[in-house]
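Topology and contacts: notes
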Amino acid sequence: MVNSIEGKVVVITGASSGIGETTARYLAAKGAKVVLGARREDNLSKIVTEINKTEGVASFQKCDVTKRKDVEALVKKAIDDFLKIDVMINNAGLMAIAPLEELKIDEWESMIDINIKGVLYGIAATLPIFKKQGYGHYINISSVAGVKVFSPGGTVYSATKFALRALSEGLRHEVGGKIRTTCIEPGAVATELPAGTTHLESANKLASVFNDAIPAEAVAKAICYALEQPQEVDINEIALRPTVQEF
Ligand code: NDP
């Protein structure tokens, strides 16, 4: 039996562009109530207005995932508006590519704070709710760079995305039974992500990888597939990449 998207309350971090935005629109069109979080409030407001105009149901909360209180406020917004949370999509991310010897330590810290700690805050804010409800579904957005080290240049980014796979598997093992966990590992997807890279040579290399990028809707559909499975089926990992992508 298909587990309908209709009526599911879905919280999405990093929903102001790219995969998060597209997933919000995609799931809302299927009847989910979506709660969007990110730092760019103008983007969120515009997306939510558009979703609500097309008979979807959406709300937003400004949220910097490096701030635990912001993530808690995002989750509270979902409960205040819709009384429950079915799905937490930990999607916010930063990809700052540069060789280690460039010592872009501030960027390493930002990636760790957003890509790892931001996800932990998302888990911390929702786990007591999921346990109380007796159901819940985590979708963590890792990367093919979390399966294979994207080197040179992507070592720290890869480390954060490997960490997400470890977190997802540990989470599944610890709280499985009623709570589902899916780790998504996309290859190149056409979004604003490459803009996070300030190192010129790495940015040029990335541009050629992203020439073959697939649309963000491909990821939204993979997420939807995991959500639609019956409650007793937990899709734990989905890797997807452009057919022509070697990495
Ligand atoms: P985008 O750059 O378009 O989206 C990233 C999102 O993360 C934005 O909405 C941004 O919003 C948000 N974000 C960044 N920092 C923070 C923060 N501190 N607090 C809250 N939100 C934040 O790229 P994608 O859509 O591609 O990225 C989404 C996820 O997908 C990331 O985790 C990325 O690593 C992963 N991914 C992407 C791939 C790709 O090829 N595009 C491939 C594999 C994985 P704002 O700036 O408004 O806060």
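Preceding this section is the structure that the text describes.
To start, this report covers the structure provided alongside it. The shown structure was predicted, so the numbers you read here are calculated from the model rather than taken from an experiment. (Residues numbered from 1 in each chain as written. Predicted model: local features only at pLDDT ≥ 70, side-chain atom pairs only at ≥ 80, totals over all residues. Heavy atoms only, no water.)

1. What about the packing of helix α4 (residues 105–133) against helix α5 (residues 155–175)?
What counts, and what does not: What counts as an axis is a line fitted to C-alpha atoms, over the stretch in contact for a helix, and the angles between N-to-C directions run from 0 to 180 degrees. We count a stretch as a helix when DSSP gives it H or I for four or more residues in a row; a strand needs E for two or more, and each element gets its number in order from the N terminus. For classification, angles of less than 35 degrees are called roughly parallel, those exceeding 145 degrees roughly antiparallel, those between 65 and 115 degrees roughly perpendicular, and all remaining angles oblique. Each crossing is labelled by how the near helix is turned from the far one, with a counterclockwise turn of less than a right angle marking it left-handed and a clockwise turn marking it right-handed. Two residues form a contact once any of their heavy atoms are found within 4.5 Å. Amino acids are sorted into nonpolar (Ala, Val, Leu, Ile, Met, Phe, Trp, Tyr, Cys and Pro), charged (Asp, Glu, Lys and Arg) and polar (every other residue, Gly among them).
Viewed as axis vectors pointing N to C, α4 and α5 meet at an angle of 15°, and their least axial separation amounts to 9 Å. Between α4 and α5, the angle falls in the class roughly parallel. Crossing of α4 over α5 shows right-handed handedness. Between α4 and α5, the residues in contact are Trp108, Met111, Ile112, Asn115, Ile116, Val119, Leu120, Ile123 and Leu127 and Val156, Tyr157, Thr160, Lys161, Ala163, Leu164, Leu167, Leu171 and Val175, respectively. Broken down by class, the residue content of the contact of α4 with α5 amounts to 15 nonpolar, 2 polar and 1 charged.

2. As for the environment of Lys33
If you trace the backbone, Lys33 turns up in strand β2 (residues 33–38). Here the alpha-carbon distance between Lys33 and Ala207, two residues 174 residues apart in the chain, equals 35 Å. Discounting residues that sit within four places of it in the chain, Lys33 has contacts with Gly7, Lys8, Val9, Val10, Val57 and Phe82.

3. Some remarks on the site of the ligand
So the rule is basically this: Any residue with a non-hydrogen atom lying within 4 Å of a molecule or strand is treated as near it. Any N or O atom pair separated by 3.5 Å or less is treated as a polar contact, with the protein-specific requirement of one donor-capable and one acceptor-capable atom, and with residues adjacent in sequence counted only for side-chain atom pairs.
The ligand sits among 30 residues. The nearest are Ser16, Ile19, Arg39, Tyr157 and Thr191. A distance of 3.0 Å separates an oxygen atom of the ligand from a polar backbone atom of Gly14. A distance of 2.7 Å separates an oxygen atom of the ligand from a polar atom in the side chain of Tyr157. Elements supplying a minimum of two residues to the shell around the ligand: α1 (18–29) and α5. A per-class count over the shell around the ligand returns 14 nonpolar, 11 polar and 5 charged.

4. Focus on the packing of α1 against helix α2 (residues 41–53)
The description of two helices packed together rests on the angle between their axes and the distance between the axes. Running from N to C, α1 and α2 cross one another at 15°; their axes reach a closest spacing of 10 Å. As judged from the angle between their axes, α1 and α2 are roughly parallel. Pair α1 / α2 crosses with right-handed handedness. Here Glu21, Ala24, Arg25 and Ala28 of α1 lie close against α2, whose contacting residues are Ile47, Glu50 and Ile51. Of the residues belonging to the contact of α1 with α2, the class tally is 4 nonpolar, no polar and 3 charged.

5. So, unusual backbone geometry
For the peptide bond that leads from Ser151 to Pro152, omega is 0°, which places it in the cis range. Notably, Glu55 is not glycine yet its phi reads approximately 70°, a positive angle. Despite not being glycine, Leu103 shows a phi value in the positive range, around 50°. Mapped onto the secondary structure, Leu103 falls in the loop between β4 (87–90) and α4.

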